[in-house]
Amino acid sequence: MLLCGLVAPGHAHEFWIEPEAYTVAASEKVVAHFRNGEHFEGNRLSFIPSRYAKHDFIVGASQQAITGDLGRRPAVSVEPAESGLGILVVQSETQRLRYPNWEKFQNFIDHKDFDLTQAEHVALGHPAADFRERYRRFAKSLVGVGDARGSDRRVGLEIELVALVNPYLDDLSEGMPVQAFLADAPRADVQIELFEKGADGEVVTTLHRTDEAGVAMLPVQAGHSYLVDTVHLRPAPAGSKDGVVWQTLWASLTFAVP
C-alpha cells in the first residue's frame, strides 16, 4: 500500500528531503527520499504529486519539476541538467491536525519555543481542548552535482532556510551559517533545531538561535549529514473552519559535510 504523501504527524515531527548521496557525478541521477519523523529518523514517503504544491530541482540556471509515477519510492529520481550546487525543493499542500487536549499542544509549543500560554489561547476565544491547527511544510536539500559549484539561494518559499556558504566546497571550520526567512523578512531571534547524523547513524540534536539578521552559525564536522529545522506559529487565516485556530509553517534544510 502507498504511504500517503505527508503522513499527519503526532506533532513536533519534521519533514525533510534525504538524498541517497549528497554528492553525485554530473552523469548520475539525484535520488532522494521524502521523510517524516523525529530525530532525523522516520518513514520514507511515496511520491504523490497531489500532496505537494511544489516539487522542483534547481541547479545552476536550470529548474525542472520533479516528476514520476504515482507512489514511486524513492520519491525523487532526477537527471541533472548541469553541474553545480543542486537544490531540491518541496512544498506541501495544507494539512490539518487535531489536538484533543491542551497538554499535547503545550508539549509542541514548548519544544518549538513559541511564546504562547493557555490563558492567552483561551482569551482569544479558542477552546482549551479539541481544537485544530493547519500546517504546511517547506523543505530544501543541497546536493553537490559534478563540480558542485554555486550557492544556495531563496527559491520563493513562504518560510525558508538558506545556506550562506557551500557545504561541499567552502571552509566550514567556523561553522555553517544558515539564514531564516519568513516571506521577505529575516527571522530574528528564533529557534533553530539542528540534527546531526554521524557515519554510525547516531543522531545528536542541538538548539540554536538566529541573530538580528536571521542568521544562525551552526557547528558542523566532516563526514556527517545535517537536518536544520525551524517552525513559525501564527493565528489561522480569518474564516478558517472545522475548529482550526492556529497555523504553522515548517522549514527544513538538509546537507552533508564531506
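Residues numbered from 1 in each chain as written. Predicted model: local features only at pLDDT ≥ 70, side-chain atom pairs only at ≥ 80, totals over all residues. Heavy atoms only, no water.

S.K.: What am I meant to see in the nonpolar core here?
M.R.: Where a protein is soluble and globular, its nonpolar side chains tend to be buried together. Ranked by internal contacts, the top residues of the largest apolar core, which has 36 residues, are M176 and F255. When residues in this core are grouped by element, the largest group, six residues, is from strand β18 (residues 244-257). In contact with F255, other than residues within four places in its own chain, are Y22, L142, P167, Y168, M176, V220, S225, Y226 and V228. By size, the runner-up hydrophobic cluster in this structure holds 20 residues, among which are I17, A75, V76 and V145. (Core = buried A, V, L, I, M, F, W, Y, C linked by side-chain atoms within 4.5 Å. Buried < 20%, exposed > 50% of the residue type's maximum accessible area, 1.4 Å probe, protein only. Helix = DSSP H or I, 4+ residues; strand = E, 2+ residues; numbered from the N terminus. Contact = heavy atoms within 4.5 Å.)

S.K.: Hey, could you run me through the side chain of E196 in this one?
M.R.: Relative to the helices and strands, E196 resides in strand β14 (residues 191-197). Here E196 is buried and forms no salt bridge, its nearest opposite-charge partner K197 lying at an N-O distance of 12 Å. At 2.9 Å, the side chain of E196 forms a polar contact with the side chain of Q221. In this structure the side chain of E196 is engaged in a polar contact, spanning 2.8 Å, whose partner is the side chain of Y226. (Lys, Arg positive; Asp, Glu negative; His and termini not counted. Salt bridge = Lys/Arg side-chain N within 4 Å of Asp/Glu carboxyl O. Polar contact = N/O pair within 3.5 Å; in protein donor to acceptor, adjacent residues only side chain to side chain.)

S.K.: Just to check I follow, could you spell out the pairing of β18 for this structure?
M.R.: If a strand is regular, its side chains alternate between the two faces of the sheet. Counting buried positions along β18 yields 14 of 14 residues, so the element is predominantly enclosed. Both strand β10 (residues 131-145) and β18 contribute to a ladder of 10 bridges, which runs parallel. Directly across from R137, in β18, lies its bridge partner W250. Bridge count for strand β17 (residues 224-235) against β18 is 12 bridges, and the pairing is antiparallel. The partner of D229 across the bridge, within β18, is S252. (Pairing = 2+ DSSP bridges.)

S.K.: Got a minute to help me understand the confidence of the model for the chain in this structure?
M.R.: The predicted structure's coordinates, where accompanied by low pLDDT, should not be read in detail. With 95% of its residues at a pLDDT of at least 70, the chain reaches an overall mean of 94. Predicted confidence is poor over residues 1-10, with pLDDT under 50, and the contacts of this stretch with residues over four places away or in other chains come to 29 contacts. (pLDDT = per-residue confidence, 0-100.)

S.K.: What should I look at first to understand unusual backbone geometry in this one?
M.R.: Residues apart from glycine generally show negative phi values, whereas peptide bonds are mostly found in trans. For the bond running from R73 to P74, omega is 0°, close enough to zero to count as cis. Its location among the elements puts P74 in the loop between β6 (62-65) and β7 (76-78). One non-glycine residue with positive phi stands out, namely D130, at about 55°. Summarising the element assignment, D130 is placed in the loop between α2 (118-123) and β10.

S.K.: Explanation requested: the environment of Q106 in the structure shown.
M.R.: In this structure, Q106 sits in helix α1 (residues 102-111). Judged by relative accessible area, Q106 falls into the partly exposed class, the value being 24%. Separated by 41 residues in sequence, Q106 and A65 place their C-alpha atoms 38 Å apart.

S.K.: Explain α1 here, please?
M.R.: Residue pairs three or four apart in sequence face the same way in an α-helix, which turns once every 3.6 residues. All buried positions along α1 are accounted for by W102, F105, F108 and I109. Taken around the axis of α1, the buried residues stretch over an arc of 125°, which confines them to a single face. The exposed set on the far side of α1, more than 90 degrees from its buried face, consists of E103, N107 and D110. Where the residues of α1 are buried, they touch β9 (95-99), α2, β10, β17 and β18. Two to three positions downstream of the cap, the backbone nitrogen of E103 sits 3.2 Å from a side-chain oxygen, assigning the N-cap of α1 to N101. Positive phi appears at D113, one or two residues downstream of α1, with a value of about 65°. (Arc of directions from axis to C-beta.)

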